[in-house]
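Reading the structure
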Amino acid sequence: MRVTVFGAGAIGGYLAAKLAIAGSVDLSIVARGAHLEAIKADGLRLIEGGKETVARVRAVSRAEELGVQDYVVLAMKAHSLAPALGEIAPLLGEGTAVVTMQNGVPWWYFHKAGGALEGTRLDAVDPGGAIWQCIGPERVIGSVVYPAVEVDAPGLIRHVEGTRFSLGEPSGEKSERATALAREMVKAGLQAPVREDVRSEIWVKLWGNLSFNPISALTGSTLAAIVADEATRAVARAMMLEAQAIGESLGVRFLIPVDRRIKGAGDVGEHKTSMLQDLERGRPMEIDALVGAVRELGRLTGQPTPTIDTVLALVRRLATERGCYSPS
Ligand SMILES: NC(=O)C1=CN([C@@H]2O[C@H](COP(=O)(O)OP(=O)(O)OC[C@H]3O[C@@H](n4cnc5c(N)ncnc54)[C@H](OP(=O)(O)O)[C@@H]3O)[C@@H](O)[C@H]2O)C=CC1
Ligand SMILES: CC(C)(CO)C(=O)C(=O)O
C-alpha cells in the first residue's frame, strides 16, 4: 500500500512517524524548508510518552518524484490546500483515495450529502471550487483528528495526547479503502474507527473550534479561562447554538448537549488553542475553515448567525492587523 502524507507537520508528522515505525506501508512524506532538511538528515523524530523514537521515512519536497499513490493524506492547514493543488496532482491516479485531516468544515462537505445543497462548493474553504475540481470529491475519505501534537523543532514531533483519527466516507459507506487504511493505522498503534456518519462527528469537533479558537485568539485566554468566565462562556455558547441550528437544518445529529461539550473544552485546562498559538507565532490562522465556513453554511441554510458574525469580524480584523490572515 503506497501512502503519502502531504504536509508532515504536527499531525502529518505524528501519523507518518507512527506508520513508519510500524513499517507495513510503503510510506513517503512531502515536507519543506528546514523541517524537510532535518528529516532527511536525522530522520523524523517523535517524542511520545517521554520517549524519543526516530522514524526513517522517504521525504521529498517535490511530490512528482513519488508518482501515483494508493492513499494521499492531506495534513496541512486548511488554507494551505488550494495553493498546493499543483503539487498534489502528480500523486493522484484513477484509484487514489485522499484523506482530508483538516479541522473545520471540509471542502467536500456537500458531496454525497443528499438534500437541496448536494454538490455545493464552499467559498470559505474552496474559493472558486478549485480543490473540488482538482482533487475530486469521489476520492475523499473524511477524517476527524483528535490527537494534540506539536512541532517542537524542525524534524521533531512531540505528541501531547490522543491517538484517535476517525475516518468516514462522505457517502457513509464502510468502504474497503477506508477499512484497509484503518487496519494499517491500528497496526501502528492509532485508533481509526470508520464512521457511517462522519459529518456528525465533524460538527461536534467543529463546535469547539468554531467558538473557543477565535475567542482564545481575541482574548489571549486558555480553554479553562474562557469556560470559567461566565461572560466569555456565554459568547461561546451562543456561537455553538447558532451552529447547532445550522447543523440540524442539514440533518446533523448532535449526540451530546451543548453544556457537556463546553465542560469538555474547559476540562482540557490551561491550553492555548491552535488559533491562539498561530497568532502568537505570527502564522496564518485557520479562520475561514473554522468560522467563515460556518457563517457561509448559515447563509446557505437561512439560519441567522449574529454572534458568529461578530466574532468573525473581530478575529479577522485582529489577524489582518497581525499579518496572520488574508482572505481566501
Ligand atoms: N496540531 C494539532 O494538535 C491538531 C491539528 N489539527 C488540524 O490538523 C491540520 C494540520 O495541523 P498541524 O499539523 O497542526 O499543522 P502544521 O502547520 O504543524 O503542519 C502542516 C505542515 O504542512 C506543511 N505544508 C503546507 N503546505 C505545504 C506544501 N505545499 N508542501 C509541503 N509542505 C507543506 C507546513 O509547512 P510550513 O510550516 O512550511 O508551512 C507544515 O509543516 C489543521 O487543520 C489543524 O487544525 C487537528 C487536531 C489537532
Ligand atoms: C484545543 C481544541 C480542542 C480547541 O477547541 C483544538 O482543537 C484546537 O486548539 O484547535
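Residues numbered from 1 in each chain as written. Chains lettered and ligands numbered in written order. Predicted model: local features only at pLDDT ≥ 70, side-chain atom pairs only at ≥ 80, totals over all residues. Heavy atoms only, no water.

We apply this condition: UniProt positions are given in the numbering used here, feature names are shortened, and annotations may be inferred rather than shown by experiment.
The protein is annotated in an unreviewed UniProt entry as 2-dehydropantoate 2-reductase of Mesorhizobium hawassense. Its UniProt record gives the protein the following Sequence similarities (unreviewed entry) comment, quoted word for word: "Belongs to the ketopantoate reductase family." What the UniProt record of the protein gives under Function (unreviewed entry) is the line "Catalyzes the NADPH-dependent reduction of ketopantoate into pantoic acid."

Here's the deal with the site of ligand 1
What counts, and what does not: The criterion for a residue being near a molecule or strand is simple. One of its heavy atoms has to lie within 4 Å of it. By the criterion applied in these results, polar contacts are pairs of N or O atoms within 3.5 Å in which, for protein atoms, one can donate a hydrogen and the other can accept it, and in which residues neighboring in sequence qualify only through two side-chain atoms. Using a 1.4 Å probe, accessible areas were evaluated by the Shrake-Rupley method; residue-level cover was limited to the displayed protein chains. Helix and strand labels come from DSSP, where a helix needs a run of H or I of at least four residues and a strand needs a run of E of at least two; each type is numbered from the N terminus.
Around ligand 1 sit 23 residues in total, of which Ile11, Arg32, Val149, Arg283 and Glu286 are the nearest. Arg32 has a polar side-chain atom sitting 2.8 Å from an oxygen atom of ligand 1. At a separation of 3.3 Å, a nitrogen atom of ligand 1 approaches a polar side-chain atom of Glu87. Coverage of ligand 1 by the protein chains reaches 83% of its 890 Å² of free accessible surface. Residue assignment for the shell around ligand 1 shows that the elements contributing at least two residues are α1 (10-22) and β9 (148-153).

Description of the side chain of Ser211
Our working rule: Exposed residues in this analysis have more than 50% of their type's maximum accessible area, buried residues have under 20%, and partly exposed residues fall in between, with area computed by a 1.4 Å probe over protein chains only. Note on definitions: a residue-residue contact is assigned when non-hydrogen atoms from the two residues lie within 4.5 Å.
Note on placement: Ser211 falls in helix α6 (residues 198-219). Given the relative accessible area of 0%, Ser211 is considered buried. Beyond its immediate stretch of four places on either side in the chain, Ser211 contacts Ala236, Met239 and Met240.

Brief notes about the site of ligand 2
This is how the line gets drawn: Classification used: nonpolar for Ala, Val, Leu, Ile, Met, Phe, Trp, Tyr, Cys and Pro, charged for Asp, Glu, Lys and Arg, polar for all others including Gly.
Taken together, Asn103, Lys205, Gly208, Asn209, Asn213, Leu223, His271, Thr273 and Ser274 make up the full set of residues near ligand 2. Contact between ligand 2 and Asn213: an oxygen atom at 3.1 Å from a side-chain N or O atom of the residue. Broken down by element, the residue count for the shell around ligand 2 peaks at 4 residues, all from α6. Along the lines of polarity and charge, the residues of the shell around ligand 2 split into 1 nonpolar, 7 polar and 1 charged.

Considerations on the sheet that holds strand β10 (residues 156-161)
Condition: Strands were regarded as paired on the criterion that DSSP finds at least two bridges between them. Only the contacting stretch of a helix is used when fitting its axis, a line to C-alpha atoms as for every element, and angles between N-to-C directions run 0 to 180 degrees.
Within the open sheet, the 4 strands sit side by side as β4-β3-β10-β9. Their pairing is mixed. In this open sheet, the two edge strands, each paired with only one partner strand, are β4 (51-55) and β9. The average undirected angle you get between the axes of adjacent strands in this sheet is 25 degrees. By the bridge criterion, 3 bridges tie strand β3 (residues 44-48) to β10 in an arrangement that is parallel. Within the sheet, the bridge partner assigned to Leu46 lies in β10 and is Ile157. Against the sheet, α1 makes contact with β3, β4, β9 and β10, and its axis sits at roughly 95 degrees relative to β3, the strand it touches most.

Quick notes on the sheet that holds strand β2 (residues 26-30)
As summarised here, the arrangement of the 7 strands in space is β5-β2-β1-β6-β7-β8-β11, forming an open sheet in which the pairing is mixed. Of all strands in the sheet, those bounded by a partner on one side alone are β5 (58-60) and β11 (165-168). Strand-to-strand twist in this sheet, taken as the mean axis angle between neighbours without regard to direction, amounts to 20 degrees. The sheet contact formed by β2 and β5 spans 3 bridges and is parallel. Bridge pairing in β5 links Val30 to Val60. Each of β8 (140-145) and β11 touches α6; the most contacted strand, β8, lies at about 35 degrees to it.

Describing the pattern of salt bridges
Using the following cut-off: Salt bridge, as used here: a side-chain nitrogen of Lys or Arg that lies within 4 Å of a carboxyl oxygen of Asp or Glu.
Applying the stated criterion to the full structure yields 22 salt bridges. Note that Asp267 and Lys263 form a salt bridge whose closest N and O atoms lie 2.8 Å from each other. Placement of both Asp267 and Lys263 in helix α9 (residues 258-268) is noted, with a separation of 4 residues, approximately one turn of the helix. The residues Asp267 and Lys263 share a single accessibility class, namely exposed. Bridged by salt links that share partners, the residues Glu150, Asp152, Arg158 and Arg281 form one connected network.

Details of the packing of helix α8 (residues 230-249) against helix α11 (residues 287-301)
Applied cut-off: For classification, angles of less than 35 degrees are called roughly parallel, those exceeding 145 degrees roughly antiparallel, those between 65 and 115 degrees roughly perpendicular, and all remaining angles oblique. Left-handed describes a crossing whose near helix is turned anticlockwise from the far helix through less than a right angle; right-handed describes the clockwise counterpart.
At a minimum axis distance of 10 Å, the contact between α8 and α11 shows a crossing angle of 55 degrees. Of the possible angle classes, the one that applies to α8 and α11 is oblique. For the crossing formed where α8 meets α11, the hand is left-handed. Contact residues: α8 offers Ala243, Ile246 and Ser249, while α11 offers Val294, Leu297, Gly298 and Thr301. Among the residues forming the contact of α8 with α11, the class breakdown is 4 nonpolar, 3 polar and no charged.

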